[in-house]
Amino acid sequence: MTVEPPPSISLAALDELWFQVAGTLCNLTCHHCFISCSPHNRSFGFLTLQAVQQRLEEARELGVKEYYFTGGEPFLNPQMTAILVATLKYGPATVLTNGTVWKDEWLETLKRAAHESEYSLEFRVSIDGFSAQTNDPIRGEGTFDRALQGIQRLVQAGFLPIITATRTWPQASELEVLRKFRKLLGKVGYTRPRLKILPSLKIGAEAQRTSGYGLHDRVTSEMLDGYDQSQLVCHQSRIVTDRGVHVCPILIDSPDSLLGRSLKEAAIDFPLSHGACYTCFQYGSICTNPSSASGSQHGPSAPPQSHV
Ligand code: SF4
Ligand code: SF4
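Basis of the calculations
- Residues numbered from 1 in each chain as written.
- Chains lettered and ligands numbered in written order.
- Predicted model: local features only at pLDDT ≥ 70, side-chain atom pairs only at ≥ 80, totals over all residues.
- Heavy atoms only, no water.
- Buried < 20%, exposed > 50% of the residue type's maximum accessible area, 1.4 Å probe, protein only.
- Helix = DSSP H or I, 4+ residues; strand = E, 2+ residues; numbered from the N terminus.
- Pairing = 2+ DSSP bridges.
- Right-handed = clockwise from strand over helix to strand, strands pointing away.
- Phe/Tyr/Trp six-rings, centres within 6.5 Å; stacked < 30°, edge-to-face > 60°.
- Lys NZ or Arg CZ within 6 Å of the ring centre and 35° of its normal.
- Near = heavy atom within 4 Å.
- Nonpolar A, V, L, I, M, F, W, Y, C, P; charged D, E, K, R; others polar.
- Core = buried A, V, L, I, M, F, W, Y, C linked by side-chain atoms within 4.5 Å.
- Contact = heavy atoms within 4.5 Å.
- Expected span 1.5 Å × (residues − 1).
- Arc of directions from axis to C-beta.
- Salt bridge = Lys/Arg side-chain N within 4 Å of Asp/Glu carboxyl O.

### Looking at the pairing of strand β3 (residues 66–70)
Thought 1: Burial runs high along β3: 4 of the 5 residues are buried.
Thought 2: In this structure, strand β2 (residues 16–20) lies alongside β3, joined through 5 bridges in parallel fashion. By the bridge assignment, Glu16 is partnered in β3 with Glu66.
Thought 3: For the crossover from β2 across helix α1 (residues 49–62) to β3, the handedness is right-handed.
Thought 4: Here β3 runs beside strand β4 (residues 93–97); their pairing, made up of 3 bridges, is parallel. By the bridge assignment for β4, Tyr67 is matched with Ala93.
Thought 5: What joins β3 to β4 is helix α2 (residues 80–87), and the crossover it makes is right-handed.

### Some details on unusual backbone geometry
Thought 1: Look at the link from Gly71 to Gly72: it is a cis peptide, with omega at 15°.
Thought 2: Phi is positive for Ser36, which is not a glycine, with a value near 50°.
Thought 3: Along the chain, the position of Ser36 falls in the loop between β2 and α1.

### Some words on the packing of aromatic side chains
Thought 1: All told, the structure shown has 11 aromatic pairs when counted by the stated rule.
Thought 2: Note on Phe75 and Trp106: the rings are 5.8 Å apart at their centroids and 15° apart in plane angle, and the pair reads as stacked. Placement of the pair is Phe75 in the loop between β3 and α2 and Trp106 in helix α3 (residues 104–116), with a sequence separation of 31 residues.
Thought 3: When the centroid spacing of 4.6 Å and the interplanar angle of 35° are considered together, the rings of Tyr227 and Phe281 count as tilted. Remark: Phe281 occurs in helix α9 (residues 275–283) and Tyr227 occurs in the loop between α8 (221–224) and β8 (237–241); sequence separation between them is 54 residues.
Thought 4: When its relative accessible area of 19% is taken as the criterion, Phe281 is described as buried.
Thought 5: Members of the aromatic cluster, joined through ring pairs, are Phe75, Trp102, Trp106, Phe123 and Phe159.
Thought 6: Geometry around Phe44 places Arg243 over its ring, the cationic atom sitting 3.7 Å from the centre.

### A word on the site of ligand 1
Thought 1: Around ligand 1 sit Val233, Cys234, Cys248, Leu251, Phe270, Leu272, Cys277 and Cys280, and that is every residue in its neighbourhood.
Thought 2: A per-class count over the shell around ligand 1 returns 8 nonpolar, no polar and no charged.

### Brief notes about the pairing of β2
Thought 1: Burial within β2 is extensive, with 5 of its 5 residues counted as buried.
Thought 2: Of the two faces of β2, the one carrying Glu16, Trp18 and Gln20 and the one carrying Leu17 and Phe19 are both buried.
Thought 3: Both β2 and β8 contribute to a ladder of 4 bridges, which runs parallel. Paired with Leu17 across the strands is Arg238, a residue of β8.

### Some remarks on the nonpolar core
Thought 1: Of all hydrophobic cores here, the largest spans 88 residues; its most connected members are Phe19, Phe69 and Phe123.
Thought 2: Take this core: its biggest share by element is 6 residues, from helix α5 (residues 143–156).
Thought 3: Once residues lying within four places of it in the same chain are set aside, the contact partners of Phe69 are Phe19, Val21, Val52, Pro74, Met80, Ile83, Leu84, Thr87, Ala93, Thr94, Val95 and Leu96.

### Thoughts on α3
Thought 1: End to end, α3 covers 18 Å across 13 residues, agreeing with the expected 18 Å (1.5 Å per residue, within 8%).
Thought 2: Looking at α3, one finds that the buried residues are Leu107, Leu110, Ala113 and Ala114. For α3, the arc enclosing every buried residue in end-on projection is 130°, short of the 170-degree limit, so these residues lie on one face. When the buried face of α3 is taken as reference, the exposed residues oriented beyond 90 degrees from it are Glu105, His115 and Glu116.
Thought 3: On its buried face, α3 sits against α2, β5 (121–126) and α5.

### Quick look at the pattern of salt bridges
Thought 1: By the definition in use, this model includes 10 salt bridges.
Thought 2: The closest approach of N and O atoms between Arg60 and Glu57, which form a salt bridge, is 3.2 Å. In this pair, Arg60 and Glu57 both sit in helix α1, 3 residues apart, roughly one turn of the helix.
Thought 3: Taking the relative accessible area as the measure of exposure, Glu57 reaches 35% and is therefore partly exposed.
Thought 4: When the shortest N-O distance is used, the salt bridge between Asp104 and Arg153 registers 2.9 Å. Of this pair, Asp104 sits in helix α3 while Arg153 sits in helix α5, and the two are 49 residues apart along the sequence.
Thought 5: Residue classification places Asp104 among the partly exposed positions, given a relative accessible area of 49%.
Thought 6: When salt bridges that share partners are traced, they join Glu176, Arg179 and Lys180 into one network.

Written out as structure tokens, the structure is:
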């Protein structure tokens, strides 16, 4: 039997640049983390302000339109605030955080920088349930209360965070879950919350918690026929880690994801050979920000975003 080679995707344009700014270090150890971040995982290191600034210059020349920061927990990087302030001179910035570690003085600095910048600063805060009973078994004891306080502080500081949750409930309960999320967020003063529901990616810790991908959970050439490839983050972005430039924020742990040392070098085709590519294909737009300030994104037909 001949096995069909996986289809490849080209980088259409480098519109978005991601930074694995905290490497794989996180103060939490979520059971579904697709890159198995933890307080002990140092397989990827922090990016320095200087390293980010060099990439921002490189990115500007290539016409990058927006910047994303992830980890691990970005705010464990002691230069995170300075990195965001610097980025806001180049373009809009979004930071993905678990909302449990930041300090009021950082928020004040960021509020000022966002006010002075012509670009927007977005926060995405992860919380995986509308109660401690639904969130804490996945993200750790006490994390629900801490994340909720973090969201409240952001809202009080005038930000409109994007709240993200990984779907760990049956699809049939989706509307009820969303209703409970809205009620919860209303209680902390966030009355028209931006919600983004994400599919789980069955790699890293999540593969241990549930199961990994089956052999047939793969994208084929036929499936891509007529498919809008802009739904896949690798079509218009790359991510910088302390090792170089990788294809996307999802696959950094896979050796084949490292495409080059410079952004130009990494602008090459990539074969969609991973199980996670199948999830991207099914759900689309996993990593993008929701477009409306009042809506929710969920479900396969209404595209569901990276952790944290
Ligand atoms: S995991 Fe998703 S974003 Fe990454 S290469 Fe595969 S399809 Fe593209
Ligand atoms: S999912 Fe996010 S918050 Fe949880 S361990 Fe991974 S990086 Fe940390």
